[in-house]
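Coordinate inspection notes
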Amino acid sequence: MVPITSAAAAPAVLRATAPGIARGMERSYGDVALNAGGTLWDTRSMNRLVSFDTVTGILTVEPGVLLRDIQATFSRQGWMLAVTPGTEAVTVAGAIANDVHGKNHATMGTFADHVTSLTLVRTDGEIVECGPDGDGESRGWFEATCGGLGLTGLIVQASIRLKRVPGPWLLAEDIPYQSLSEFFELSDSSEASFEHVVSWIDITTGGGRRGIVSRANSIPSPHRDLPASATVLGAARGGITFPVVPPVSLVNSLTLPLLNRAYYRLKRAGAGAKVVHYKPFFYPLDAIGDWNRAYGPQGFYQYQCVLPRENGLEGVREILAIVARSSQGSFLGVLKTLGEREPIGMLSFARPGVNLTIDFPNLGQSTLSLLSSLDSVVAAHGGRLYLAKDARMPVSLFEAGYPRIEEFVTYRDPGISSEMSRRLLGS
Ligand SMILES: Cc1cc2nc3c(=O)[nH]c(=O)nc-3n(C[C@H](O)[C@H](O)[C@H](O)COP(=O)(O)OP(=O)(O)OC[C@H]3O[C@@H](n4cnc5c(N)ncnc54)[C@H](O)[C@@H]3O)c2cc1C
C-alpha cells in the first residue's frame, strides 16, 4: 500500500510505483480496487474540504473525503449530496470511479451528474483537468473517468454540486406489495411525487410475491406538518457491531425463508408514514458494523443487474424463480426502477430500467453455477451487471452490457491495472 498525501506529491509517487490501482474505503464488493501482489495507491489521507460556494452549492474536495463527512457538515446548513449510495462510508473518488447511484435515480441521476470538474494525475505525470461542460477533449476524459474504475488516472480533486435541502429529515412511508406488477405500479406512481423510491423484495417466494416499497421526501423539520400517525426515527447513536465471524453463514437454506418472512412482517407492521433522519433511511447497513461477518468465513457475492424496462418484469420474474429454486440468497433483496437518464460515464452502470440486487452466501461451485444461470437471463434480456459489485462475470456479458468499451480503452492509463481490468479488459 502506497499512501499519496497530496496532489503535488502524486506525479512522483505514481511514476516511482506504477503499475498499480487506487483504493478508497474498499466498499466495492468485487475486485475493482484489488491488485494482489501489486501496488495499491491510498488517497484516503487527502481528505480536505477545499472550498464551498454558498450561492451555487459547488463543493471542491480532495479525493479521500468521505460522503459521511459531507453529509454531516452540510446537512445542518441546508445542503446535501444530490446522489448517495446505500453507505456513506465511501470516498468521493470511489463514488466517482464507480459512478454510484442512490434511491433517487429517476429525479437526480447518478453521482457523476453532479460533478462539475475533476483533476486527474496520470502515471506519466500528466495533469488532466476535465468536466461535463468543457470542450470535446475535456468531456471525453470526464466520461471515461466517471464510472472509469480508477483506470484513467488518479483523481486528486473534484468539484460537486450539492443540493439544497430543508434539513436532515425525511418524511418516509413503507407500503407492502403482493406482486411484481403491483411493485411496478407503485414505483411508477411514487416517482411522480416522491424523490426517493426503493423496495425490499422477498427473494424466497419465487415470483416476487411479497415486498415493501419505501418512499420519501425531505422535509423542513421533524415536528412540522406531520401526519397524526407519524413516528420519528432519529440517527442511530453509536450503532452495533457484528461481534464475530461465525463458522458458517447465518444465512442458509434453513434460515432464509424465516428471515425473509420475519423481515416482511416487521416492515408491514411498521408500514405507514414516519419522520426519519437521513441516516437510517439512506444507510441502514451502516448502523451495523461488520455486518458482512454474518455470511461466515467464505463471505458472499452480491449480484446486481439492471434490465431494460421493456423486459424488466419478465426478466426479474425469471431471476426470482431461479433463485427461489436454488434455496440460496439472503434477506437483503432490493428491487428498484432506474429513471430515463442515460449515464454520463462510458462504463457507468445505472442505465434506464429495473435494478435487482441480491446477496448470496458463498457456497462455492453451487453459488457460481447459480450466478451463471442468472447471467444467462440478464444477457437474454439485454441487461448488464454492476462492475462495483462484480468479481466473476464472463467477458462476453461485460462486452454485451457495456457498448462503449472500445471508446473507454483509449483513455486508459497504461500504468494502471487492477484485478478487474486484467480479468475483463485483458490488462
Ligand atoms: C452497504 C453498501 C451499500 C452500497 N450501496 C450502493 C448503492 O446504493 N449504489 C451504488 O452505486 N453503490 C453502492 N455500494 C457500492 C459503493 O458505493 C461503491 O463500491 C463505492 O465506489 C465504494 O467507494 P470506496 O471509497 O469504498 O472505493 P473502493 O471500493 O476502494 O474503490 C472503488 C473504485 O474507486 C477507485 N478509486 C479510489 N480512489 C481513487 C482515486 N483517488 N482516484 C481514482 N480512482 C480511485 C478505485 O480504483 C476503484 O476503481 C454500496 C456498498 C456497500 C458496502
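You'll find the structure just up there.
Residues numbered from 1 in each chain as written. Predicted model: local features only at pLDDT ≥ 70, side-chain atom pairs only at ≥ 80, totals over all residues. Heavy atoms only, no water.

With that out of the way, let us pick up the packing of aromatic side chains. Evaluated as defined, the whole model comprises 18 aromatic pairs. Both rings, one in Phe349 and one in Tyr386, keep their centres 4.5 Å apart while their planes meet at 20°; by these two values the pair is stacked. A residue pair is termed long-range when its members are at least 10 positions apart, and Phe349 in the loop between strand 19 (333-338) and strand 20 (353-361) and Tyr386 in the loop between strand 21 (384-385) and helix 11 (395-401) qualify at 37 residues. In this pair, the class of Phe349 matches that of Tyr386, namely buried. Through successive ring pairs, a cluster of aromatic residues spans Tyr29, Trp291, Tyr295 and Phe300. Positioned above the aromatic ring of Tyr264, the side-chain terminus of Arg210 is 5.2 Å from the ring centre. Taking the ring centre of Tyr402 as reference, the NZ or CZ of Arg384 above it sits at 4.6 Å. (Phe/Tyr/Trp six-rings, centres within 6.5 Å; stacked < 30°, edge-to-face > 60°. Helix = DSSP H or I, 4+ residues; strand = E, 2+ residues; numbered from the N terminus. Buried < 20%, exposed > 50% of the residue type's maximum accessible area, 1.4 Å probe, protein only. Lys NZ or Arg CZ within 6 Å of the ring centre and 35° of its normal.)

Our next topic: the sheet that holds strand 2 (residues 20-23). Here three strands make up an open sheet; going across it, the order is 1-3-2 and the pairing parallel. The sheet terminates laterally at strand 1 (2-3) and strand 2, the two strands that pair on one side only. Where strand 1 and strand 3 (residues 39-42) come together, two bridges link them in parallel fashion. Its bridge partner being in strand 3, Pro3 is matched across the sheet by Asp42. (Pairing = 2+ DSSP bridges.)

Take the site of the ligand next. Lining the immediate environment of the ligand, one finds 34 residues, of which Ala22, Gly24, Arg27, Ser28 and Tyr386 sit closest. At a separation of 2.6 Å, an oxygen atom of the ligand approaches a polar backbone atom of Ala22. Taking Thr43, its side chain carries an N or O atom lying 3.0 Å from a nitrogen atom of the ligand. Burial of the ligand by the protein amounts to 96% of the accessible area it has alone, namely 980 Å². Where the shell around the ligand is concerned, the elements lending two or more residues are strand 2, helix 3 (92-97) and strand 9 (154-161). Broken down by class, the residue content of the shell around the ligand amounts to 19 nonpolar, eleven polar and four charged. (Near = heavy atom within 4 Å. Polar contact = N/O pair within 3.5 Å; in protein donor to acceptor, adjacent residues only side chain to side chain. Areas by Shrake-Rupley, 256 points an atom, 1.4 Å probe, with all protein chains shown as cover. Nonpolar A, V, L, I, M, F, W, Y, C, P; charged D, E, K, R; others polar.)

Taken in spatial order, the five strands make up an open sheet running 4-5-9-7-8, and their pairing is antiparallel. The open sheet terminates on both sides in strands that have one partner only, identified here as strand 4 (49-52) and strand 8 (127-130). The sheet shows a mean angle of 15° between the axes of neighbouring strands, taken without regard to direction. When strand 5 (residues 58-61) meets strand 9, the two strands line up antiparallel, connected through four bridges. Bridge pairing links Leu59 to Ile160 in strand 9. This element, helix 2 (residues 67-75), spans strand 4, strand 5 and strand 9 of the sheet and lies at about 35° to strand 4. (Axes fitted to C-alpha atoms, helices over the stretch in contact; angles between N-to-C directions. Contact = heavy atoms within 4.5 Å.)

As for its placement among the helices and strands, Pro352 is situated in the loop between strand 19 and strand 20. Accessibility expressed as a relative area gives 9% for Pro352, which makes it buried. Between the C-alpha atoms of Pro352 and Ala158, which are 194 residues apart in sequence, the distance is 26 Å. The residues contacting Pro352, other than those within four sequence positions of it, are Val306, Leu307, Pro308, Leu338, Gly339, Glu340, Arg341 and Glu342.

Attention shifts here to helix 1 (residues 10-17). In an α-helix there are 3.6 residues to a turn, and that puts residues three or four apart on one side. Along helix 1, the positions that sit buried rather than exposed are Ala10, Pro11, Val13 and Leu14. Buried residues of helix 1, viewed axially, fall in a sector of 165°; they line one side. Relative to its buried face, helix 1 has exposed residues pointing more than 90 degrees away, namely Arg15 and Ala16. (Arc of directions from axis to C-beta.)

Mapped onto the fold, Ser327 is located in the loop between helix 9 (309-326) and strand 19. The class for Ser327 is partly exposed, based on a relative accessible area of 38%. Measuring from C-alpha to C-alpha, the distance between Ser327 and Tyr29 comes to 22 Å, with 298 residues separating the pair along the chain. Excluding residues that lie within four positions of it along the chain, Ser327 makes contacts with Ser253 and Leu256.

With 18 residues, helix 9 should reach 26 Å at 1.5 Å per residue; the first-to-last C-alpha distance of 25 Å fits that figure. Along helix 9, the largest kink reaches about 30° and is centred on Gly315. Taken together, the buried positions of helix 9 are Gly312, Gly315, Val316, Ile319, Leu320, Ile322 and Val323. Where helix 9 is buried, its residues contact helix 6 (180-193), strand 12 (196-201), strand 18 (300-307), strand 19, strand 20 and helix 10 (365-380). (Expected span 1.5 Å × (residues − 1). Bend = angle between axes of the 7 residues up to and from the residue.)

Time to look at the side chain of Thr91. For Thr91, the position within the fold is in the loop between strand 6 (79-80) and helix 3. Setting aside anything within four residues of it in sequence, one finds Thr91 in contact with Gly24, Met25, Arg44, Pro63, Gly64, Val65, Leu66 and Leu67.

All right, on to the packing of helix 9 against helix 10 then. One way to put it is that helix 9 packs onto helix 10 with a least axis distance of 10 Å and a crossing angle of 165°. One way to sum up the angle between helix 9 and helix 10 is to call them roughly antiparallel. Between helix 9 and helix 10 the crossing geometry is right-handed. Contact residues: helix 9 offers Gly315, Glu318, Ile319, Ile322, Val323 and Ser326, while helix 10 offers Leu370, Ser373, Leu374, Val377 and Val378. Residue composition of the contact of helix 9 with helix 10, by class: seven nonpolar, three polar and one charged. (Parallel < 35°, antiparallel > 145°, perpendicular 65-115°, else oblique. Left-handed = near helix turned anticlockwise from the far one by under 90°.)

Once that is clear, we can look at a negative patch on the surface. Where like charges cluster on the molecular surface, the negative patch consists of Asp124, Glu126, Asp135 and Glu137. Of the residues examined, Asp124 reaches a relative accessible area of 52% and is grouped as exposed. (Patch = residues over 30% accessible without salt bridge, like charges linked within 9 Å, V, L, I, M, F, W, Y side chains within 5 Å. Salt bridge = Lys/Arg side-chain N within 4 Å of Asp/Glu carboxyl O. Lys, Arg positive; Asp, Glu negative; His and termini not counted. Charge placed at Lys NZ, Arg CZ, Asp CG, Glu CD.)

Okay, the state of the cysteines next. Overall, the coordinates contain zero disulfides when judged by the stated rule. Distance from the sulfur of Cys146, which forms no disulfide, to the nearest cysteine sulfur (Cys130) is 7.0 Å. (Disulfide = S-S within 2.5 Å.)

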